[in-house]
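Here is what each chain is made of, one letter per residue.
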Amino acid sequence: MNGHFTILKKDVASNARLGHLITTHGDVETPCFMPVGTQGTVKAMLPRDLRDLGCQILLGNTYHLYLRPGHEVIRALGGLHRFMGWDGPILTDSGGYQVFSLGAMRKISEEGAQFQSHLDGSSHLLTPEKAVEIQQALGSDIAMTLDECIPSDATREYVRASTARTIRWAQRCAAARTRRDQLMFGIIQGGLFEDLRRYCVEEMAPLPFEGFAVGGLGMGEGEEQLHAIGSFTADLLPVAQPRYLMGVGRPQDIINGVRAGFDLFDCVIPTRNARNGTLYTWQGKMNIKRAEFAGDSRPLDGSCGCYCCRNFSRAYLRHLYMAGEILSAQLNSLHNLYFYHRLMDKCRETIHSGHAENWTRLWQPSEDA
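Only a predicted model underlies this, so the values are computations on that prediction, with no experimental measurement involved.

Participant: How should I be thinking about the sheet that holds strand β11 (residues 183–188) in this particular structure?
Facilitator: Each strand in a sheet pairs with another by means of backbone hydrogen bonds, the pair being arranged parallel or else antiparallel. A sheet is described by the order of its strands in space; here eight strands give the open sequence β4-β14-β13-β12-β11-β10-β6-β5, paired in parallel fashion. Every interior strand has two partners, whereas the edge strands, β4 (32–35) and β5 (58–61), have only one. Strand-to-strand twist across the sheet, computed as the mean angle between neighbouring axes with direction ignored, equals 25°. With four bridges joining them, β11 and strand β12 (residues 211–214) adopt parallel strand pairing. Each residue of the ladder has a partner; that of I188, found in β12, is V214. Lying over the sheet, helix α6 (residues 128–138) contacts β6 (90–93), β10 (142–144) and β11, oriented at roughly 155° with respect to β6. Helix-sheet contacts for helix α8 (residues 194–204) involve β11 and β12, and the interaxial angle to β11 is about 155°.

Participant: Got a minute to help me understand the layout of surface pockets in this structure?
Facilitator: Take a probe with the size of a water molecule and roll it over the atoms, and the empty space left behind shows itself. The volume enclosed by the largest pocket comes to roughly 880 Å³. Forming the boundary of the largest pocket are 40 residues, of which Y97, G247, D266, C267 and V268 lie nearest the centre. Sorting the residues of the lining of the largest pocket by element identifies β5, α5 (96–101), α9 (223–236), β14 (264–267) and α11 (269–275) as the ones contributing at least two each. Counted as a void, the second largest pocket has a volume near 260 Å³. Lining the second largest pocket are 16 residues, with M45, D49, D52, Y307 and L334 sitting closest to its centre. Here the residues of the lining of the second largest pocket sort into 10 nonpolar, two polar and four charged.

Participant: Help me understand the packing of aromatic side chains, please; the structure alone is not making it clear to me.
Facilitator: Centre distance and the angle of the planes are the two values used to describe a pair of aromatic rings. Within the structure shown, the criterion is met by 12 aromatic pairs. The interplanar angle of 40° and the centroid separation of 6.0 Å between the aromatic rings of Y97 and F100 together place this pair among those described as tilted. Within this pair, Y97 and its partner F100 are both found in helix α5, separated by three residues, close to a single helical turn. When the ring of W282 is compared with that of F339, the centres are 4.4 Å apart and the planes differ by 45°; the resulting orientation is tilted. Within this pair, whereas W282 is found in the loop between β15 (278–281) and β16 (284–287), its partner F339 is found in helix α14 (residues 326–353), the two being separated by 57 residues in sequence. Grouping residues by exposure puts W282 and F339 together as buried. Its guanidinium or amino end placed over the ring of W86, R51 lies 4.5 Å from that ring's centre, counting from NZ or CZ. One cation-aromatic arrangement involves R156 over F193; the distance from NZ or CZ to the ring centre is 5.3 Å.

Participant: For this particular structure, what's the right way to read the pairing of strand β3 (residues 26–30)?
Facilitator: On a regular strand, one side chain projects to one face of the sheet and the next to the other, so that they alternate. Here strand β2 (residues 17–23) runs beside β3; their pairing, made up of five bridges, is antiparallel. Across the sheet, T23 pairs through a bridge with G26, a residue of β3. Linkage of β2 to β3, two consecutive antiparallel strands, is achieved through a turn of two residues.

Participant: Please clarify how the pattern of salt bridges should be interpreted in this entry.
Facilitator: A side chain with one charge may pair with a side chain of the opposite charge, provided their charged atoms come close. In total, this model carries 18 salt bridges according to the counting rule given. Two residues, R17 and D263, come together in a salt bridge whose shortest N-O distance is 2.8 Å. Linking R17 in strand β2 with D263 in the loop between α10 (251–260) and β14, this pair joins segments that are 246 residues apart in sequence. Exposure remark for R17: the relative accessible area of 3% places this residue in the buried category. When the shortest N-O distance is used, the salt bridge between D195 and R156 registers 2.3 Å. Taken together, the residues span a long stretch of sequence, with D195 in helix α8 and R156 in helix α7 (residues 156–176) at a distance of 39 residues. With a relative accessible area of 39%, D195 lands in the partly exposed category. A relative accessible area of 29% places R156 in the partly exposed class. Beyond isolated ion pairs, a larger network of salt bridges with shared partners links E223, R250 and D253.

Definitions and cut-offs
- Residues numbered from 1 in each chain as written.
- Predicted model: local features only at pLDDT ≥ 70, side-chain atom pairs only at ≥ 80, totals over all residues.
- Heavy atoms only, no water.
- Pairing = 2+ DSSP bridges.
- Helix = DSSP H or I, 4+ residues; strand = E, 2+ residues; numbered from the N terminus.
- Axes fitted to C-alpha atoms, helices over the stretch in contact; angles between N-to-C directions.
- Contact = heavy atoms within 4.5 Å.
- 1 Å grid on protein atoms, 1.4 Å probe; cavity = no way out; pocket = protein on both sides within 12 Å on 5 of 7 lines; lining within 4 Å.
- Points joined across faces, edges and corners; volume = space filled by probe spheres on them.
- Nonpolar A, V, L, I, M, F, W, Y, C, P; charged D, E, K, R; others polar.
- Phe/Tyr/Trp six-rings, centres within 6.5 Å; stacked < 30°, edge-to-face > 60°.
- Buried < 20%, exposed > 50% of the residue type's maximum accessible area, 1.4 Å probe, protein only.
- Lys NZ or Arg CZ within 6 Å of the ring centre and 35° of its normal.
- Salt bridge = Lys/Arg side-chain N within 4 Å of Asp/Glu carboxyl O.

Okay, structure coming up:
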């Protein structure tokens, strides 16, 4: 697909840009946040409600959908869009991070990642070719190359060897693809070493990908290094293609990522925190479990227009959480995702308006409201 991404406007005071991404199942206005629907669902959320709060694109996962229910099952049932009842764009991660998280249950080689299923202990080999095969069967709009996710404390020697292998895996992914209605993004690794990040970009940029992602950040390296390496790598990526900062999802980190020139973001933070009772407001984070909210009749956030804030009190939300009600996860997730999508609206508005001073006013990250 040619002409799939257009930069509409650039910010005057940073590297932020407005973009328009065309996919088979719809267009995406960037910068954009993608809720994580690992197993073909965003936990506690109906597709209808995701649409209503302004979600443009979802993320699914190769590893999990391969193991259950299986990519061939999903292909036979019409593809992932039909299977999960979502007619908008879907990006599928290749499973590299999930394999990394298995620890001793996996072994990395030149051929691919040998791992034991977390479900039943069965043995599997995820090769670059297999990752492409699975994602093509799923029919996602954007497929990711297979990479090795590198721990933040890895030695330079390990990072160099791993990054070189990720490049070779990306080349194999590019050679294996056959669907031209599916975009493919390469993943840039290199750990916390600027020269290795540069090396990875130089090797990956000539490959026939429609976009690039930066992986291996948000894994315990600390806020300063996260922003420094993220910004450094973004500056190296091709200007005319979409840039995706993988798995980085605190509001302030997203704002910094947008200013660095990234276009796409994903993270489990808004939904996972919602299920744990941590909610985001325009005044800061709120722990709805706190006893002081037991008799609080105010909405969670008086300036929020989501269904949760328009209809329920803090006292009710605390009650639902303390009672272990399913509705707690539903309402909390809806609110947090609504907040994240309004945050992205504000980022796009700031770029469009050219009011650079607005960047410091988008969100004040106090610990509790």
